[in-house]
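Residue-level structure breakdown
Residue strings, one per chain:
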Amino acid sequence: MTALRKMIGQAGYAAVMVAALAVLPAAAQSGKGDVVYVPTPQIVVDTMLEMVKVGPSDFVIDLGSGDGRIVITAAAKHGARGFGVDLDPVLLKMANQNAQKANVTDKVHFVEENLFKTDLSRATVITSYLLPEMNLRLRSRIMALKPGTRLVAHDYNFGEWDPDEQRELIVPEKKVGNPGISYVFAYIVPARVPGRWQSLMTIDGRETPFEFSFNQSFQEVDGKVEIRDRSLNLRGRLTGERIRLLAGGRDGVARHEFTGQVQGEQIKGTLAIGEGATRQQLPWVAKLVQRGELKRAADEP
Ligand SMILES: C[S@@+](CC[C@H](N)C(=O)[O-])C[C@H]1O[C@@H](n2cnc3c(N)ncnc32)[C@H](O)[C@@H]1O
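Everything in this summary refers to the structure shown in the same document.

1. Topic: empty space enclosed by the protein
Applying the stated criterion across every chain yields a total of one cavity of 30 Å³ or more. Of the voids in this model, the largest cavity is the one considered here, and its volume is about 330 Å³. Lining the largest cavity are 31 residues, with Leu-63, Gly-64, Ser-65, Gly-66 and Asp-86 positioned closest to its centre. Residues that form the lining of the largest cavity fall into these classes: 16 nonpolar, eight polar and seven charged.

Given below as structure tokens:
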């Protein structure tokens, strides 16, 4: 567990929300459902959207949308489309009014819906500022979305799923929870590669079969590759559909670097063997022969 995770553990986040309730002015909405309403400061909204590179081709879904600021900013500043869901009709009315003021009603809307029932299939970007146990409940549904879908969360992460990027922001106007500081966690839904894969490559003029077996836990991949009479350990990572795996590089075995794009049951890319002047690059195509299961996380809800 990282120091950062420890620092903002469950108790810390609960304190954010409790403290938030205490300091919200009487006229403010407290939200409805599984967590109280605490708006994300605008500077943090801007950072969240920048970290996941929101653009005009994106469809953003904010789970628990409050006054709508995340989806409205995505539309007004980045040309994205999307919607927010909330259970609080007053906040939903406010969000729709804010969308009108920002002139983005053609791009965004807000609906009264339980976020645990929301259809996420249109999302290219999901945003959240929710309690940690809510994030964990949502995690497997988000992991099952199209590879490359981005997720960005304010102040609380998604447990054992390591963020692809995280930032700490100094936010002097933030008066609740950890006053003056916000944490942002960005993730990219990885392709699913666990199982057995095969390649046939021509190496030094010889047709050479490669047998891969991959295990996957979130975006981390490890396993083995059998090449002729050798078995090498593999280790690497997925960034959406992009995969990079390393094998060899010690005990007299040349370094093998596999990079490619996962397209369903095929991976297409390059194998680089060796380093420096002796490095040779070959086209690499792998085909899935038997699909495996993702490794179960210890914090699976
Ligand atoms: C911490 S606020 C975040 C608001 C907004 N996303 C932002 O970052 O400014 C959480 C919001 O989630 C809403 N909410 C809580 N439980 C919900 C549920 N089960 N379904 C939909 N919305 C929910 C609350 O009403 C509140 O507006």
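Now that the structure is up, let's keep going.
2. Observations concerning the site of the ligand
If you check the shell around the ligand, you find 25 residues, and the closest are Lys-32, Asp-34, Thr-40, Gly-64 and Asp-86. The separation between a nitrogen atom of the ligand and a polar side-chain atom of Asp-62 is 2.9 Å. Here Gly-64 contributes a backbone N or O atom positioned 2.6 Å from a nitrogen atom of the ligand. Here the ligand, which alone exposes 600 Å², has 100% of that area covered by the protein. One can see that the ligand is located within the largest cavity. Across the shell around the ligand, the residue classes tally to 12 nonpolar, seven polar and six charged.

3. Description of the environment of Phe-185
Along the polypeptide, Phe-185 turns up in strand 7 (residues 181–188). Each C-alpha atom of the pair Phe-185 and Val-52 lies 9.8 Å from the other, and the pair is 133 residues apart in sequence.

4. Details of the pairing of strand 5 (residues 150–154)
Within strand 5, five of the five residues are buried, which leaves it mostly tucked inside the rest of the structure. Inspection of the sheet shows strand 4 (residues 125–128) paired to strand 5 by four bridges, in the parallel sense. Within the sheet, the bridge partner assigned to Thr-127 lies in strand 5 and is Val-152. Once you follow strand 4 into helix 6 (residues 132–143) and on to strand 5, the crossover reads as right-handed.

5. What to know about the layout of surface pockets
The space that makes up the largest pocket amounts to roughly 450 Å³. Looking at the largest pocket, it is lined by 21 residues, and the ones nearest its centre are Val-52, Gly-148, Thr-149, Arg-150 and Ile-188. Elements with a contribution of two residues or more to the lining of the largest pocket: strand 7 and strand 11 (230–239). With three residues, the top contributor of residues to the lining of the largest pocket is strand 7. By residue class, the composition of the lining of the largest pocket is seven nonpolar, six polar and eight charged. Residues from two domains meet in the lining of the largest pocket; each of domain 1 (3–188) and domain 2 (195–291) gives at least three.

6. A look at unusual backbone geometry
Generally, phi is negative for residues other than glycine and the peptide bonds are trans, each holding for most cases. Despite not being glycine, Asp-155 shows a phi value in the positive range, around 65°. Mapped onto the elements of the fold, Asp-155 is located in the loop between strand 5 and strand 6 (165–170). With phi around 50°, Phe-218 is a residue other than glycine that occupies positive phi space. The class of Phe-218 is buried, set by a relative accessible area of 9%.

7. Digging into the packing of aromatic side chains
In this structure the tally under the stated criterion is 12 aromatic pairs. Consider the rings of Trp-161 and Tyr-187, whose centres lie 4.7 Å apart with planes at 50°: the pair is tilted. Here the residue Trp-161 occupies a position in the loop between strand 5 and strand 6, and Tyr-187 occupies one in strand 7, the gap between them amounting to 26 residues. Exposure class is identical for Trp-161 and Tyr-187. Each is buried. Ring plane angle 85° and centroid distance 5.3 Å describe the contact between Phe-212 and Phe-258, whose orientation is recorded as edge-to-face. Of this pair, Phe-212 sits in strand 9 (residues 206–217) while Phe-258 sits in strand 13 (residues 256–263), and the two are 46 residues apart along the sequence. In this structure, Phe-212 and Phe-258 share a single accessibility class: buried.

8. Quick look at the side chain of Thr-118
Among the structural elements, Thr-118 can be located in the loop between strand 3 (108–112) and strand 4. Once you skip the residues sitting within four places of it in the chain, Thr-118 turns out to touch Ile-61, Leu-63, Phe-83, Val-85, Glu-113 and Arg-141.

9. Some remarks on the sheet that holds strand 5
Adjacent strands of a sheet pair through backbone hydrogen bonds, lying either parallel or antiparallel. What the seven strands build is an open sheet, ordered 3-2-1-4-5-7-6; its pairing is mixed. Edge strands, defined here as strands with exactly one partner in the open sheet, are strand 3 and strand 6. Neighbour-to-neighbour, the strand axes of the sheet open up by a mean angle of 15°, direction not taken into account. Relative to strand 7, strand 6 runs antiparallel, the two being bridged by six bridges. Bridged to Arg-167 within strand 7 is Val-184. Those strands touched by helix 4 (residues 69–78) are strand 1 (59–63), strand 2 (81–86), strand 3 and strand 4, and its axis lies near 165° from that of strand 3.

The rules we used
- Residues numbered from 1 in each chain as written.
- Predicted model: local features only at pLDDT ≥ 70, side-chain atom pairs only at ≥ 80, totals over all residues.
- Heavy atoms only, no water.
- 1 Å grid on protein atoms, 1.4 Å probe; cavity = no way out; pocket = protein on both sides within 12 Å on 5 of 7 lines; lining within 4 Å.
- Points joined across faces, edges and corners; volume = space filled by probe spheres on them.
- Nonpolar A, V, L, I, M, F, W, Y, C, P; charged D, E, K, R; others polar.
- Near = heavy atom within 4 Å.
- Polar contact = N/O pair within 3.5 Å; in protein donor to acceptor, adjacent residues only side chain to side chain.
- Areas by Shrake-Rupley, 256 points an atom, 1.4 Å probe, with all protein chains shown as cover.
- Sits in = over half its atoms within 2 Å of the grid points.
- Helix = DSSP H or I, 4+ residues; strand = E, 2+ residues; numbered from the N terminus.
- Buried < 20%, exposed > 50% of the residue type's maximum accessible area, 1.4 Å probe, protein only.
- Pairing = 2+ DSSP bridges.
- Right-handed = clockwise from strand over helix to strand, strands pointing away.
- Domains from an automatic or database assignment.
- Phe/Tyr/Trp six-rings, centres within 6.5 Å; stacked < 30°, edge-to-face > 60°.
- Contact = heavy atoms within 4.5 Å.
- Axes fitted to C-alpha atoms, helices over the stretch in contact; angles between N-to-C directions.

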